[in-house]
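# Descriptive structure summary
Now for the letters of each chain:
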Amino acid sequence: MNLDRIIAVRNEKTVYRDGDACLKVFSPRTPFSGVLAEALRQERALECGLRVPAVRSVGRIDGRPVIVTDYIKGESLSRKIETGDIPRRDATLLLAEISKEIHKKKLPPLMRFSEKAERKIESAGFPDSVCRALLSALASLPDGDSLCHGDTVPANILITPGGEPYILDWSHATEGDPAADIAATCLHFLVTAHKELSEEYTGAACRNGEERHRVTLWLPIVAATRYTHAMAEERPALLSLINSVLR
């Protein structure tokens, strides 16, 4: 395998191209079981009809876990926005359509969105009063059984030369309430100072007013799950949302 051509560098992982293959190489600290689970989620998403790169193999390179998939030629939606090829509003509406398509799917049982959120909240080190309020709010929300990507943001959408969107990075996929998944994308826009896009995306991605209301209830929960790994400049906005459960 050739690890000379780097496509992307993210937390705890580096993505390479090797001919017609894409290699996602993880930190040696990454549990191999988690990498296997991610590959399985990605392949299941492909089998249910979503545009997702096919998994070729899962293994190790120099002690580091690796997922090998088909290489899909194209540019990320975030890059298309930066270059002006796709206006920001059009990109937001495209994300909403992709989210709707994901939420139509149901896969064999995955970890529930609420279960993953509960684990992250309990391990985040929040004050007891905040933790109790968050867990109480979480318990009042529906579980749901729709496929949730967990990180439907422009960087994870690849646009081919023919204009077809492919959905990347299935490491956060769960099953749950579509409103929780919409809230996670909504939060991305909020912490990147694009409130107007957050509102537009939410309006386009939600099926009705009741689902849109649930998005507002999920926002403090998804903010709490993001807080531990958030950048310093994101934390004030996240804390404001998290503390809203105390009001």
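Look a little higher up for the structure.
Below, the structure is looked at part by part. (Residues numbered from 1 in each chain as written. Predicted model: local features only at pLDDT ≥ 70, side-chain atom pairs only at ≥ 80, totals over all residues. Heavy atoms only, no water.)

## Some points on the packing of aromatic side chains
- One pass over the structure, following the stated rule, counts three aromatic pairs.
- Relative to Tyr-201, the ring of Phe-189 lies with its centre 6.0 Å away and its plane at 50°, an arrangement referred to as tilted. Of the two residues, Phe-189 is situated in helix H6 (residues 178-191) and Tyr-201 in helix H7 (residues 195-205); the sequence distance between them amounts to twelve residues.
- According to the relative accessible area criterion, Phe-189 is buried, its value standing at 5%.
- Between the NZ or CZ atom of Arg-60 and the centre of the ring of Phe-32, over which it lies, the distance is 3.9 Å.
- Here the guanidinium or amino end of Arg-235 rests over the ring plane of Tyr-227, the centre of that ring lying 4.5 Å away. (Phe/Tyr/Trp six-rings, centres within 6.5 Å; stacked < 30°, edge-to-face > 60°. Helix = DSSP H or I, 4+ residues; strand = E, 2+ residues; numbered from the N terminus. Buried < 20%, exposed > 50% of the residue type's maximum accessible area, 1.4 Å probe, protein only. Lys NZ or Arg CZ within 6 Å of the ring centre and 35° of its normal.)

## Here we look at the side chain of Ser-171
- With respect to the helices and strands, Ser-171 occurs in the loop between strand E9 (165-167) and strand E10 (174-176).
- Judged by relative accessible area, which is 16%, Ser-171 ranks as buried.
- Looking at Ser-171, its side chain comes within polar contact range of the side chain of Asp-169, at 2.7 Å.
- Once residues lying within four places of it in the same chain are set aside, the contact partners of Ser-171 are Lys-13, Glu-38, Arg-41 and Lys-116. (Polar contact = N/O pair within 3.5 Å; in protein donor to acceptor, adjacent residues only side chain to side chain. Contact = heavy atoms within 4.5 Å.)

## Notes on unusual backbone geometry
- Located in the positive-phi region is Glu-12, a residue other than glycine, with phi close to 65°.
- Note that Glu-12 resides in the loop between strand E1 (5-10) and strand E2 (13-18).
- Judged by its relative accessible area of 41%, Glu-12 is partly exposed.
- Not every positive phi belongs to a glycine, and Asp-62 is a case in point at roughly 50°.
- Along the chain, Asp-62 falls in the loop between strand E4 (55-61) and strand E5 (64-70).

## Description of the packing of helix H3 (residues 88-103) against H6
- Put simply, H3 and H6 touch, their axes get as near as 10 Å, and they point 155° apart. Considering their axes alone, H3 and H6 lie roughly antiparallel with respect to each other. In this structure, H3 meets H6 at a crossing whose hand is right-handed. Judged by residue contacts, Thr-92, Leu-95 and His-103 of H3 engage Pro-178, Asp-181, Ile-182, Thr-185 and Phe-189 from H6. (Axes fitted to C-alpha atoms, helices over the stretch in contact; angles between N-to-C directions. Parallel < 35°, antiparallel > 145°, perpendicular 65-115°, else oblique. Left-handed = near helix turned anticlockwise from the far one by under 90°.)

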